[in-house]
Structures are given as C-alpha cells and as structure tokens.
Amino acid sequence: MPELPEVETVVRALRPQLVGRTIQAVRNRWPRHIATPTLDELQARIHGRTFQAIERRAKYIVCHLTGKETLLFHLKMTGHLAVVSALLPENKHSHTIFSLNNDEELRFTDPRKFGRVYLVANIDDLLGGLGPEPLLSDFTPQLLRTRLQKHKRAIKPTLLDQTVIAGIGNIYADEALHEARILPTRPANSLILSELDRLHHGIQKVLRLGIEREGASISQYVKPDGTKGDMQNAVAVFRRTGDVCYRCGRVIERIILGGRATHFCPGCQV
DNA sequence: ACCGGAGCCTGTTAGC
DNA sequence: TGCTAACAGGCTCCGG
C-alpha cells in the first residue's frame, strides 16, 4: 500500500528513467483509469511533451512536462509504475501505457483499479487542499499542534486525513503512534506538548526509515524494478497482532478505528 | 464544520 | 481439500 516512503521510492527510481524523455503516444485499455481529462483530450495534450522534472507531493507522483502541463499518478492500493522495454509482454492489468522516444514504455499497472492518471494545467486544482509535507522543514511540532487542535476525533484517523498532514497511510500512522507511545484512540486535540513533540519526532523517524528501506512490501507493493522494499522487516506494530512488543514485551493488539485496521501496544502506548 | 460510512475494485486470506 | 465469503484500504462522496 504505497504511502509517502513507497511513493518517494518510486519517484527516485523513475526520475532518471523519465526526465528528458518525450511521450510519443498513450494507450489505454480501461478508460476510467484516467481521472481527468478524457482519453482523447489527454492524448491530444500530451503528445510530443517531454518530462522536465518529477517530484512527489503527498502520495502523488507529479511529472512536470513541457508546455506547462502536469501529469500526475496516484497508485492508491495496488498501483505499479515502471519504465520497461516496449518488447516486454504486457500485463493484463497495465491500463495506461505511455510510449517514449527510446523504445521504452512507462506502464501503469493496477489489478485493483483504484489508481488514477491525471493531466492538469494547474496542479493546485488537485493538490491545493493537501496538508503539509511532514519531512519538510516547515513541519514543526508547533504546526502539528495547530493542525491537530481542530480535531477531536481519534488521533489515528486524523493522521490518515491528507488535509491534516500529507502522505501518512495506515502502516506509518500505526508505526508513528507506537514510536511516540500514544494510543491511537486518543482524541487528536487531547495531546499535551510533550506528546506532540514525540509524535512529530515519531512521524519523521518512521517516514525516514521507510524511505531508507525503500518502502514496506506488505501486500502488493514492490519497487518499479519489481524487487521488494525492506520496511516490512522493521515495523514495530503493523500486522504484528499477537506478537510481543519489542519495547515492553506486551502483546500487540489489533482494533478497527475509523474503519481501518489499527495495531498498537497496550503496554507502552497511553 | 466535522465525522463516519459506503463505494470503488480484485487478488488473497480466512473460515466452513 | 475446495469452495465461498470476507478482507485489504486511499480517497471521494454523501448524509447525519
């Protein structure tokens, strides 16, 4: 399930393969894969454009093209992007394929069909409502406090709200709360200053660890080259239900919170 | 304004 | 063992 570290890993892999390449054609075998505009308009607007820069914003992959167009991808649950030889046999779930000017193709494959392609002239239309990037310097404990004070619902689903903080998903929310020793059921606006400091530190620590380990290959996620990340071997609580906490020895529990599986240690998270 | 739940999807897993 | 039903969850939309 690609979250900030997984998407960052994908961006870092794709960047040297795509920057400077020109899109010659687009093929699509499932029209709803393209969220905006229509397939016809996408093809008309994208033909002949060159990748100038590729970056990540929240869980979006943002490709700046010549002509002030921006191509974006969201992998959602099972999306996979890779640059491969045009001779490689196609996967039946490769819904949208971009032919490049070097006998390679950028293929967006997604069995679950949650992922989407966007082409926009103004990225703020799509990204304007997102919360701050948790690894940038302007994300301070004070900013975290300001963002969380507005919400009285549980801290775990609040961390998943992309308008509050951008990029955190189910794995890293559970991991950050464990790192910070905070129960996921705590109301977001109930955290005291010392807890906010720990949570700020915990969020950054687990996200940086996830990037360093090139993502968590839990369920479907693999890197663009098809190999696994390593973060699944470094989680403290996620899907460790029934195992002992490395920090205090109590048994990890699993509850449903905000409709999401939530893993925590009842011994050291309060 | 805020919040919880449904819906989107299909491969994988759990349970009978 | 083999089948079916439940589950997985990021995000948007809708209704309370």
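Since the structure is predicted, the reported quantities are computational estimates derived from the model, not experimental observations. (Residues numbered from 1 in each chain as written. Chains lettered and ligands numbered in written order. Predicted model: local features only at pLDDT ≥ 70, side-chain atom pairs only at ≥ 80, totals over all residues. Heavy atoms only, no water.)

Trainee: Run through the environment of V117, naming residues and quoting values.
Mentor: Checked against the element boundaries, V117 lands in strand β9 (residues 116–120). Distance in space between the C-alpha atoms of V117 and L196 is 36 Å, their sequence separation being 79 residues. Leaving out residues up to four positions away in the same chain, V117 has contacts with H33, I34, A35, T36, L71, L72, F73, T96, F98 and F108. (Helix = DSSP H or I, 4+ residues; strand = E, 2+ residues; numbered from the N terminus. Contact = heavy atoms within 4.5 Å.)

Trainee: Outline helix α6 (residues 170–179), supporting the account with residue identities and numerical values.
Mentor: Among the ten residues in α6, nine count as buried, and that is most of the element. Its buried side turned inward, α6 meets α1 (4–18), α5 (155–160), α7 (193–212) and β11 (260–264). R181, located one to two residues past α6, shows a positive phi value of around 60 degrees. (Buried < 20%, exposed > 50% of the residue type's maximum accessible area, 1.4 Å probe, protein only.)

Trainee: Hey, could you go over the protein's contact with DNA strand C for me, with residue numbers and the actual values?
Mentor: Surrounding DNA strand C, one finds 15 residues, the nearest of these being H74, M77, R112, F114 and R254. Of everything in DNA strand C that lies within 4 Å of the protein, sugar and phosphate atoms constitute 55%. Of the residues contributing to the surface near DNA strand C, the split by class is six nonpolar, three polar and six charged. (Near = heavy atom within 4 Å. Nonpolar A, V, L, I, M, F, W, Y, C, P; charged D, E, K, R; others polar.)

Trainee: For the pattern of salt bridges, give the residues involved together with the corresponding values.
Mentor: Applying the stated criterion across every chain, the model contains 17 salt bridges. Between E90 and R29 there is a salt bridge, and its shortest N-O distance comes to 3.0 Å. Placement of the pair is E90 in the loop between β6 (80–85) and β7 (94–100) and R29 in the loop between β1 (23–28) and β2 (34–36), with a sequence separation of 61 residues. With a relative accessible area of 37%, E90 lands in the partly exposed category. Residue R107 pairs with E105 through a salt bridge whose shortest N-O separation is 2.9 Å. The class for R107 is buried, based on a relative accessible area of 6%. A network of salt bridges, in which partner residues are shared, links E8, R12, R56, R57 and E133. (Salt bridge = Lys/Arg side-chain N within 4 Å of Asp/Glu carboxyl O.)

Trainee: Tell me what's going on with the nonpolar core, and back it up with residues and numbers.
Mentor: The biggest cluster of nonpolar side chains holds 30 residues, and the ones touching the most others in it are L148, I155, L199 and I203. Listed by contribution, the elements that provide at least two residues to this core are α4 (141–149), α5, α6 and α7. In terms of residue count, the dominant contributor to this core is α7 (six residues). Non-local contacts of L148, meaning those with residues more than four positions away in its chain, are made with I155, T158, V164, A188, N189, L191, L196 and L199. (Core = buried A, V, L, I, M, F, W, Y, C linked by side-chain atoms within 4.5 Å.)

Trainee: Residues and numbers for the pairing of strand β5 (residues 69–74), please.
Mentor: For β5, the tally of buried residues reaches six of six residues, placing the bulk of the element in the interior. Side chains E69, L71 and F73 of β5 all project onto a buried face; the interleaved residues T70, L72 and H74 project onto the opposite face, where all are buried too. For strand β4 (residues 60–65) and β5, the ladder comprises six bridges, and the chain directions are antiparallel. From the neighbouring strand, V62 faces β5, where its bridge partner is L72. If you look at the hairpin formed by β4 and β5, you'll find three residues sitting between the two strands, and G67 has a positive phi there, around 80 degrees. Strand direction decides the pairing type here: β5 and β9, joined by five bridges, are antiparallel. Residue L71 lies in a different strand from β9, and its bridge partner there is L119. (Pairing = 2+ DSSP bridges.)

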